[in-house]
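Read off the chains here:
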Amino acid sequence: MGVAGATAALAMVLTGCGSNAEAGKVGTVEDPVTIRFAWWGNDSRAKTTLEVIKDFEAANPTIKVQGENTEFSSYWDKMATQIAGGTTPDVFAMSGAYPSEYASRGVLLDLDDVKDQIDTSKFAEGTVDLGKIDGKQYTITAGVNSMSMVIDPKVFEAAGVELPDDETWTWDDYAQIAADITKNSPAGTFGTTPMSNDSFLAVWARQSGEELYTDDGKKLGISEDTATEWFELNKKLMDTGGAPSASQTVEDGSAQPEMTLMGQGKQGMKISWSNQMNSYSGSPLVMMKMPGESKTPGAWLRSSMEYAISSKSAHPKEAALFINYLVNNVDAATKIKSDRGMPANTELKAAITPLLKESQQKEAEYLDRIAEMDIEPPLPFPAGSSATMEVLNRFNTDVLFGKISPRDAAKGFIQEVNSNLG
């Protein structure tokens, strides 16, 4: 079951489905209540999370936490199945359009019900509102990140190409730099690879004075012309030699970070989520603003991961206390560090920064630069939009393989996504 399948399964969920925890049970030290916590990630994240759970249980002996880790590729399918079957975890990780999807179907608890258990007073300005949908607080950010341009200085140096000035460069500069790097590098090394991501498209739209979605979430807000220009950019990168062939681009897009061209030290620039820079195993990297940000900024601080509580949890207060521990406890922060994005709690961010690797500290500095721009974030991606990236990837791949023109891809993309939203 893919993203579309998970969304379809979720559409069948009745709002009466919820956690299978025993309702009404009052916890004691001898007989504590048990809550379930589900998240996605690799083995390293799972190991860290289980350590944090043990610490929480030691500090809260009346609460036990059952951890459930799933690889991202199957996480949403599993969640849809659990929700439909009435076995929703009490606390679960979310991202992207899924909070809107789940909130619209009554799956998420309005966190105003447990506001006394979750302290957000030390969160950076605007980061609490990232979890609001239609004026209600449904999620708490686990950490923030932003779209960025990851640069490998060694590739630039070997190609004899100067690093860009990220306060002034344009998308035309980006395409030219990519072509120059490929031209002056050994075979198999490229300037960049096309990035097919709906959040990148949202940045692109915002730089043109548009939003990816309309305020009511009923259709795309990006115009056909602006979407066409985005597809044209990706095609231009390949046609001018700045990016690899269509088949290699598709292969690179599905590879694990360390096996991508960037991870192997064979790529000069890569549009990436800021917290993903640390996943690449190549030479020391730097992080810059994307082209076009000086004229009309499009990037914003977003939740890289969010925590939600099932609306049918039998233990919402205990679930909220666990979330509060995850986002406000310094011991938890020193273990998690920036794995889920930079902490929204400014005191925790300051506490962990000296503990971070050099690349992670670069990410923290970049996010500070984005925060200083004081950019209004877009509204949360609406219900029905969780399949947008899949649709975008499909049309972009067809453009790269020459099966469809950028203009026709823009038309088809807008039509299909609007149908999903409608």
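All of these numbers come straight from a predicted model, not from anything done at the bench.

A. Broad picture of the sheet that holds strand β8 (residues 269-273). Ordered by their spatial adjacency, three strands build an open sheet running β8-β7-β9, and the pairing between neighbours is antiparallel. Only two strands of the sheet have a single partner each, and these edge strands are β8 and β9 (286-288). Each strand of the sheet is rotated relative to its neighbour by a mean of 40°, with strand direction disregarded. Here strand β7 (residues 147-151) pairs with β8 via five bridges, running antiparallel. Directly across from Ser148, in β8, lies its bridge partner Ser272.

B. Inspection of the packing of helix α8 (residues 224-239) against helix α14 (residues 388-400) at higher detail. Closest axis-to-axis distance for the α8/α14 pair is 9 Å, and the angle between their directions is 45°. Judged by the inter-axis angle, α8 sits oblique to α14. The element α8 and its partner α14 pack so that their crossing is right-handed. Between α8 and α14, the contacting residues are Trp230, Phe231, Asn234, Lys235 and Met238 on the first element and Leu392, Phe395, Asn396, Val399 and Leu400 on the second. Class assignment of the residues belonging to the contact of α8 with α14 gives a composition of seven nonpolar, two polar and one charged.

C. Fine view of the packing of helix α7 (residues 198-207) against α8. The contact between α7 and α8 brings their axes to 10 Å, and the two run at 120°. Classified by the angle their axes make, α7 and α8 are oblique. As for the relative orientation of α7 and α8, their crossing is right-handed in sense. Residue-level inspection shows Phe200, Leu201, Trp204 and Ala205 of α7 in contact with α8, the latter providing Thr226, Glu229, Trp230 and Leu233. Among the residues forming the contact of α7 with α8, the class breakdown is six nonpolar, one polar and one charged.

D. Fine view of the pairing of strand β6 (residues 140-145). In terms of residue burial, β6 counts as a mostly covered element, since six of its six residues are buried. In the sheet, β6 pairs with strand β10 (residues 302-309) via five bridges, with the strands oriented antiparallel. Bridge pairing links Ile140 to Tyr307 in β10.

E. Inspection of the pairing of β8 at higher detail. For β8, the buried fraction is high: five of the five residues fall into the buried class. By the alternation rule, side chains of β8 split into Met269, Ile271 and Trp273 and Lys270 and Ser272, which are all buried.

F. Layout of helix α10 (residues 316-328). The first and last C-alpha atoms of α10 sit 18 Å apart over 13 residues, in line with the 18 Å expected at 1.5 Å per residue. Turning to α10, its buried residues number three or more, namely Ala319, Ala320, Phe322, Ile323, Asn324, Tyr325, Leu326 and Val327.

G. Main features of the pattern of salt bridges. Scanning the model with the defined rule gives 20 salt bridges in all. With a shortest N-O distance of 3.1 Å, Arg206 and Glu211 are connected by a salt bridge. For Arg206, a relative accessible area of 7% puts it in the buried group. Assessed through its relative accessible area of 30%, Glu211 is described here as partly exposed. Among the ionic pairs, Asp368 bridges to Lys349, the shortest N-O distance being 3.1 Å. With Asp368 in helix α13 (residues 358-372) and Lys349 in helix α12 (residues 346-352), the pair connects residues that are 19 residues apart, well separated along the chain.

Conventions used here
- Residues numbered from 1 in each chain as written.
- Predicted model: local features only at pLDDT ≥ 70, side-chain atom pairs only at ≥ 80, totals over all residues.
- Heavy atoms only, no water.
- Pairing = 2+ DSSP bridges.
- Helix = DSSP H or I, 4+ residues; strand = E, 2+ residues; numbered from the N terminus.
- Axes fitted to C-alpha atoms, helices over the stretch in contact; angles between N-to-C directions.
- Parallel < 35°, antiparallel > 145°, perpendicular 65-115°, else oblique.
- Left-handed = near helix turned anticlockwise from the far one by under 90°.
- Contact = heavy atoms within 4.5 Å.
- Nonpolar A, V, L, I, M, F, W, Y, C, P; charged D, E, K, R; others polar.
- Buried < 20%, exposed > 50% of the residue type's maximum accessible area, 1.4 Å probe, protein only.
- Expected span 1.5 Å × (residues − 1).
- Salt bridge = Lys/Arg side-chain N within 4 Å of Asp/Glu carboxyl O.

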